[in-house]
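Analysis of the macromolecular model
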Amino acid sequence: MLCSAMGPRGFPPLLLVLLSCCASASTQAVATPAVATPAMTQEDLNSTEATPAMTQEDLNSTEATPDMTQEDLNSTEATPDMTQEDLNSTEATTPVMTKEDLNSTTPATLRTSGSPRTPGTPRAPEQSGPRPTPVTDVAALCVCDLLPARCDVNCCCDPDCSPTDFSVFSACSVPVVTGDRQFCSQKAAVYSMNLTADPPHRVFKLIDQINPSIFCIHISNYKPALSFANPEVPNEDNFDRLIQASGGFTLSATSDGSSTATSDTPQPTKYEYGVPLQTAGTSAGSFLRLPSPLTSSLCTDENPAAFLVSQAFKCSRRVDIEECEQMEALSMAHYSSPAILRVPNSTTQVSIKIQSVLYQSLNHTLTRLEGHGVLRPSLVSTGQDRLCSNVVLEVKYSLLYTATGQIREAGLSLVLGTFSSTVTLLQQKFEIHFIQHDTKPVPRSGNPGYRVGLPLAAGFQPQKGSGIIQTTNRQGQFTILHSTGKQDCLASEGLRDPVLFGYNVQSGCQLRLTGTIPCELLAQKIQGLLRGQAFPDYVAAFGNSRAQDVQDWVPVRYVTHSSNMKGPCQLPVALGIEVKWTKYGSLLNPQARIVNVTAQLISIPEPLPGPERTIVISTTVTFVDVSAPAEAGFRAPPTINARLPFSFFFPFV
C-alpha cells in the first residue's frame, strides 16, 4: 500500500522499507524529549530547497523521526544537515511517528510524548511496558495520623492539623513518606519545621527520590505485581471450578476438632504446654472438656482442657425441672466417664477416679458421701414443690503428670446439690490443676514472713530481667565461716554455717603464714574464705518469695572499707553482714520482712614480713529491727458538703 501511494519522484523502494521499519520500531520505544520540537507549517512544506541525502546510520537511529506524509516524501524542500551527534543528543528528541502518519495526505503535526525521561538515565528496554501509576499518592499518605478528626502532635502530614497547630510543633515525627521503595525512582513527600520563622510553620516538599540499589525496579512490565488480586467470590456457576482449582476438601460429620495429622507427620510422644488433653472415643478429635463462660455468663461446653494450664470458671446453665434427668451437664457420669490418653494419639488410657463427693443441701450445708457409686439426677416431689437432686454443682480435676509430659493419674472431686422448680439458672463451678509426679515441696523459711531460726533464702540473677537462681541446698544459699576448736582457717575451708533469721552470729579463724607469699594471691585467698564459693546477690524479702518474682527480692549491697594507713597492698580480714527487717502486715499477726542487706568487707595493710605470721579473719551477722512504732489510727470525721439552691433566701437576698 505504501509503494502505490508514492509518486514518480518518491524515494527508492528499499528506502521506503527501511522507513517503515523505523516507524514501527518507534511506536514501541518511549520517546521522552526534554525540549519539544516545533511543528512544521505549510510554508515549510512548499520550500524549494534541496533535501540532503540520508545515510544508513540516520535510518538506523533509535530516535523517533517526525510524522511524514506523501507530500513530504515528494517535496524538494531543504532541511538543515543533521549529524550523528544531533540524533544521539538527549537535549532534543523527535516525537513518535506511526504507520498511519506515513499514509496520511495532510501535513503532519509533531506529537510530544506524555512521559518525559530524565537526562542521563538509561533508556527503557523495548519489550518492557511503561512504569505503572503509583497506587498511593504519597502527598495524601500519613502513617502518623492515629486520631480521627483530631490533630496528632508532631504529625506534619496530618490533614486535621491547622497552621495554628503546626506553629506549636517541635519537630516532624515522620519526616519522609515514600511509596514502594523497590523502584529506582519514586516520589517522596518531605516534611520539616521552620522553627526560625515567626510563627513557626510547616515546610512541605515533593521530590524525586533515587534508589541507589543495583537491584531496584526500573520499569515494571507486570501490572498485577503492585496490587492484590481480587478473590473470586464463589457462587452457583463457579463453585465446581474453584473446588477443582483448590484441590478439593473433605468433610467429616463426626469431627469436632481440627483435622487429624497425616501419616507422614511424626506423632507426638508427650504432651506439651497448651496442648489439649485427648480422650478415648470414636472421634479423632475428642478432648477433655471444661465448661466455661464465653460471650455471656452461660456455660459453653466446647472449651478443651489444656496441658499444664490450670483454669477455674464459674458459669450459669439454663435448667428445666422437667428435663433435669436427661441433661448430661447435670450428671455425675458425664464428668467421670471420659478416659484421658496418656500421651497424644496413643492407645494407653488413664481412667478418671472419683476421689471425693460432697453433697450440698438447700441451706448450703455440706455432707461427705461415703461408699457411693455414680449418682444420677432424680426428680423428687415434696408436697406442692418438685426438686431435682444429685445435680452436679462443682467439678474439680486433679491430674498427675511426669517430667516426660505423660499423664499418670486423673482424679475428680465433685459437689452435688439440689434445686427446686423455681430455679431457671443453675450456677456451676469447674476447675482443673496439675501436679508433677515424684517431686518434693520446696522448703520455705516462713509463710509469708520469716520465722526465727530458719535460713535466709538467697540467690543470684544471671542477667537483668531474668529470675533468681537458687541452689537446691536450702542451708547453703547464704553462709558464713564455720568456727572450729582449732581455729584453723585452712582446716575448715569447706565448712560453712547458714545465716539463720534473727540470730546474731560471730565466727572466725586464724590463718598462719610461713615464708613469702605474694600479697595479691593472699588477698584473693582470704576473700574466698570470707565470701565462700557462691556469695548471693539477692536475698528474699519474705520466707516464701518465689524465684520468678524479682520484685520480692532485696539486692545485697557490697561495701569495701580500707584502712587509712597507706600500704602497697590491702588484705581483707573481716566481713560484716547487716540485715534490716521490719514487721509487716496486721498488728495481730505481723510478718517479718527483710528490707535491706549490706555486706561490708574490711581490709588492713599487709603485715610486716617475718618467718611466721598470723592473720585473724572474722565474720559477723547482725539483724536490726527497723519497724516503725505502731500508732493508733482513727477514721477521719465525715465532712458535710451541702449546697443550697441559689434562690434559697429569695426574696431576702
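In short, a report on the structure. (Residues numbered from 1 in each chain as written. Predicted model: local features only at pLDDT ≥ 70, side-chain atom pairs only at ≥ 80, totals over all residues. Heavy atoms only, no water.)

What about the overall build of the protein?
Keep this limit in mind: Each helix is a run of DSSP H or I of at least 4 residues and each strand a run of E of at least 2, with the numbering of both proceeding from the N terminus. Here the term buried applies to any residue with accessible area under 20% of the maximum for its type, exposed to any over 50%, and partly exposed to those in between, with areas from a 1.4 Å probe on protein chains only. When checking whether two residues touch, look at their non-hydrogen atoms; a contact exists if any pair is within 4.5 Å. Using the Shrake-Rupley algorithm and a 1.4 Å probe, accessible areas are obtained, with residue cover drawn only from the displayed protein chains.
In terms of regular secondary structure, the protein is built from 10 helices and 22 strands. Buried residues in the protein amount to 32% of all 653 residues. The contacts of the protein with a sequence gap of at least 6 include a subset with a gap of at least 24, amounting to 67%. Split by element, the accessible area of the protein, about 41700 Å² in all, is 55% carbon and sulfur.

Some remarks on the nonpolar core
Within soluble globular proteins, side chains that are nonpolar tend to cluster in buried spots. Where we set the bar: The set of buried Ala, Val, Leu, Ile, Met, Phe, Trp, Tyr and Cys residues whose side-chain atoms join them within 4.5 Å is what this entry labels a nonpolar core.
Residues Tyr-450, Leu-456, Phe-478, Val-539, Ile-577, Ile-594 and Ile-617 are the most contacted members of the largest nonpolar core, which totals 43 residues. Within the residue set of this core, elements represented by two or more residues are strand E15 (479-481), strand E17 (505-514), helix H10 (519-531), strand E18 (538-540), strand E19 (553-561), strand E20 (570-584), strand E21 (591-605) and strand E22 (612-625). Here this core gets 7 residues from one element, more than from any other, and that element is E20. Excluding residues that lie within four positions of it along the chain, Phe-478 makes contacts with Leu-456, Ala-458, Asp-497, Pro-498, Val-499, Phe-535, Pro-536, Val-539, Ile-577 and Val-597. Ranked by size, the runner-up nonpolar core spans 30 residues in total, among them Ile-340, Val-357, Tyr-359 and Phe-434.

Focus on the state of the cysteines
What counts here: Note on disulfides: each one is a pair of cysteine sulfur atoms within 2.5 Å.
In this structure the tally under the stated criterion is 9 disulfides. Residue Cys-144 pairs covalently with Cys-155 via a disulfide, S to S 2.0 Å. Of note, the bridge from Cys-144 to Cys-155 carries an S-S torsion of about 85° and is right-handed in sense. With Cys-144 in the loop between helix H6 (99-103) and helix H7 (163-166) and Cys-155 in the loop between H6 and H7, the pair connects residues that are 11 residues apart, well separated along the chain. For the pair Cys-144 and Cys-155, one class covers both residues: buried. Covalently, Cys-184 is tied to Cys-216 through a disulfide, its sulfur atoms 1.9 Å apart. Between Cys-184 and Cys-216 the disulfide shows an S-S torsion of about 90°. By sign, it is right-handed. Here Cys-216 lies in the loop between strand E3 (201-210) and helix H8 (239-246) and Cys-184 lies in the loop between strand E1 (176-178) and strand E2 (185-194), a separation of 32 residues in the sequence.

Re a nonpolar patch on the surface
Our working definition: Put simply, a patch holds well-exposed residues, over 30% relative accessible area, that have no salt bridge, with like charges counted together within 9 Å and Val, Leu, Ile, Met, Phe, Trp or Tyr side chains within 5 Å. We count a salt bridge whenever a side-chain nitrogen from Lys or Arg sits within 4 Å of a carboxyl oxygen from Asp or Glu.
Nonpolar side chains collect at one region of the surface, where Leu-644, Phe-648, Phe-649 and Phe-652 lie side by side and expose about 520 Å² of accessible area between them. Residue placement: Phe-652 occurs in the segment after E22.

Remarks on the pattern of salt bridges
Inspection of the entire model under this criterion finds 7 salt bridges. For Glu-322, the salt bridge is made with Arg-386, and the minimal N-O distance between the two is 2.7 Å. In this pair, Glu-322 sits in the loop between strand E6 (311-318) and helix H9 (333-336) while Arg-386 sits in strand E11 (residues 385-401), placing the two residues 64 residues apart along the sequence.

A closer look at unusual backbone geometry
The omega angle of the peptide bond from Asp-198 to Pro-199 is 0°, so this bond is cis rather than trans. Between Asn-447 and Pro-448 the backbone carries a cis peptide bond, its omega angle lying at -5°. Counting through the fold element by element, Pro-448 comes out in the loop between strand E13 (425-436) and strand E14 (458-459). A positive phi angle is found at Asn-390, which is not glycine, with a value near 60°. In this structure, Asn-390 sits in strand E11.

Details of the sheet that holds E1
We count it as follows: Whether two strands pair depends on DSSP finding at least two bridges between them. For every element, the axis is a line fit to its C-alpha atoms; helices are fit only across the contacting stretch, and the angle between N-to-C directions ranges from 0 to 180 degrees.
Across the sheet, which stays open at both edges, the 3 strands sit in the order E1-E2-E3 with antiparallel pairing between neighbours. The sheet is open, and its two borders are formed by E1 and E3, each paired with just one other strand. Looking at each pair of strands side by side, their axes are set apart by 20° on average, direction ignored. Sheet topology note: the E1/E2 ladder contains 3 bridges and is antiparallel. When the bridges of E2 are listed, Val-177 appears paired with Ala-189.

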